[in-house]
Amino acid sequence: MISKYRQLFNDSFTAQKYQDFQDDIAADFQYMPTFRMAETPFFISKELKAQLLDGCADVIKLIKQDNFKQLTEKSLELNTKVPNEDEHTTFLAIDFGICEEGGKILPKLIEIQGFPSLFNYQFVLYDKFKKYYPFLKDLTPFINDLSQNEYLQLIEEVICNKHTKENVILLEIEPEKQNTKIDFYYCRRDIGIPIVCVTELIKKDKQLFYKNENGALILVKRIYNRVIFDELEARTDLKMNFSFSDDLDVEWAGHPNWFFRISKFILPMLRGEYFIETTLLSELKEIPSDLENYVLKPLFSFSGSGVIFHVKREDIEAVTEKELYILQKKVNYVPILQAPDGKVKAEVRVLCVWKKEDDEPTLLCNLVRLSRGEMIGVKYNKDKDWVGGTLGLFEK
């Protein structure tokens, strides 16, 4: 998207540099991430950045509506409702596919999550890329002219909310087995909070505790929640000493209810040039005759699980809980990033935080996924290069 830097990068790229780049990340914790790290950043022009920010503003306008909780209350009726919900979400991830419509490039909202993403890993990724391609220092992944120190400070404020760090935990299901654990490691290193499995928490009355490295019982005052509920519900083998539905004396950095409120559940509510025609199955008046132009998606799944890309009439008819699925018009992802042997599709996730006292979210940085397949995701990009997770860089 910025031809000067694309040419510079491609001319500078070597397979050895890419291997060194990966090894450098692996050396931080003697662990190589299990997801594919893309060879290159995605260079985002001022024009595309302006479009992305316009799309985010439209999403945030809906979320800030006075009746937003009323509009999304049904999402909690369909799932586990957790007590002591905040006034607004703490985290926001807004995913745009870079598409073509009417002969022009246009970002289209693919997904939205009231849930944290790889905030700490993306921060480190910028430094790693600059180390091997020094000219990238002239670009930035940060929105609103944030410095790296300001970014990290803001992440820490949002996660910890002024609590002593030993009383703040990153909570996950078997964190050592998660695909995103590299982000947990950087969070522990750079923010200084412990990583705790849901099975390790001890409940006493309305309080939660964990044991530190010395075996001492430590009170949990705030939870940086990374638990995905569909995974939790599937793990009937887990022996937990508490339930998310318990009335607990604890703060949430990312209250679980917002995972459901801000999700594919709100896509049918959004209208405009950056949004895709989306219908709840329960509100579908008739099955379209051109189903090849649609995708069937569950509302609350994660990482693309349950999505049917080639939809048939019987797929829709087979859905019994129609209030839990959407039918979404397909969009035309445009191959836009010039790799050495062809062009690659891109999806940009804008990462935001929302401090408790602020009127609206702060747009911080981004995460980009590159694909050569018909969809973004691992199973569509097996044995391909110049695909996977990376970072978008903006002109300063």
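Residues numbered from 1 in each chain as written. Predicted model: local features only at pLDDT ≥ 70, side-chain atom pairs only at ≥ 80, totals over all residues. Heavy atoms only, no water.

(A) Highlighting the packing of helix H5 (residues 119-132) against helix H6 (residues 148-160). Interhelical geometry of H5 versus H6 gives an angle of 165° and a closest axis separation of 10 Å. On the basis of their axis angle, the class for H5 and H6 is roughly antiparallel. Our pair here, H5 against H6, has a crossing hand that is left-handed. Of H6, the residues touching H5 (which contributes Phe119, Asn120, Phe123, Tyr126, Asp127 and Lys130) are Gln148, Tyr151, Leu152 and Ile155. Among the residues forming the contact of H5 with H6, the class breakdown is six nonpolar, two polar and two charged. (Axes fitted to C-alpha atoms, helices over the stretch in contact; angles between N-to-C directions. Helix = DSSP H or I, 4+ residues; strand = E, 2+ residues; numbered from the N terminus. Parallel < 35°, antiparallel > 145°, perpendicular 65-115°, else oblique. Left-handed = near helix turned anticlockwise from the far one by under 90°. Contact = heavy atoms within 4.5 Å. Nonpolar A, V, L, I, M, F, W, Y, C, P; charged D, E, K, R; others polar.)

(B) How the structure looks around the nonpolar core. By size, the foremost hydrophobic cluster in this structure holds 128 residues, and its most contacted members are Phe42, Leu171 and Phe244. With eight residues, the single largest contributor to this core is H5. When sequence neighbours within four positions are dropped, the list of residues in contact with Phe42 reads Met1, Leu48, Ile98, Ile336, Leu337, Ala346, Val348, Val368, Leu391, Gly392 and Leu393. Listed in part, the nine residues of the second largest apolar core include Leu281, Ile287, Val311 and Leu327. (Core = buried A, V, L, I, M, F, W, Y, C linked by side-chain atoms within 4.5 Å. Buried < 20%, exposed > 50% of the residue type's maximum accessible area, 1.4 Å probe, protein only.)

(C) Highlighting the layout of surface pockets. Computed from the structure, the second largest pocket encloses a volume of approximately 410 Å³. Lining the second largest pocket we find 18 residues, and of these Asp86, Asn161, Arg222, Glu251 and Lys356 sit closest to its centre. For the lining of the second largest pocket, the elements supplying multiple residues, two or more each, are H6 and strand E11 (251-253). Per-class residue counts for the lining of the second largest pocket are four nonpolar, four polar and 10 charged. (1 Å grid on protein atoms, 1.4 Å probe; cavity = no way out; pocket = protein on both sides within 12 Å on 5 of 7 lines; lining within 4 Å. Points joined across faces, edges and corners; volume = space filled by probe spheres on them.)

The values reported here are purely geometric and, on their own, carry no functional implication.
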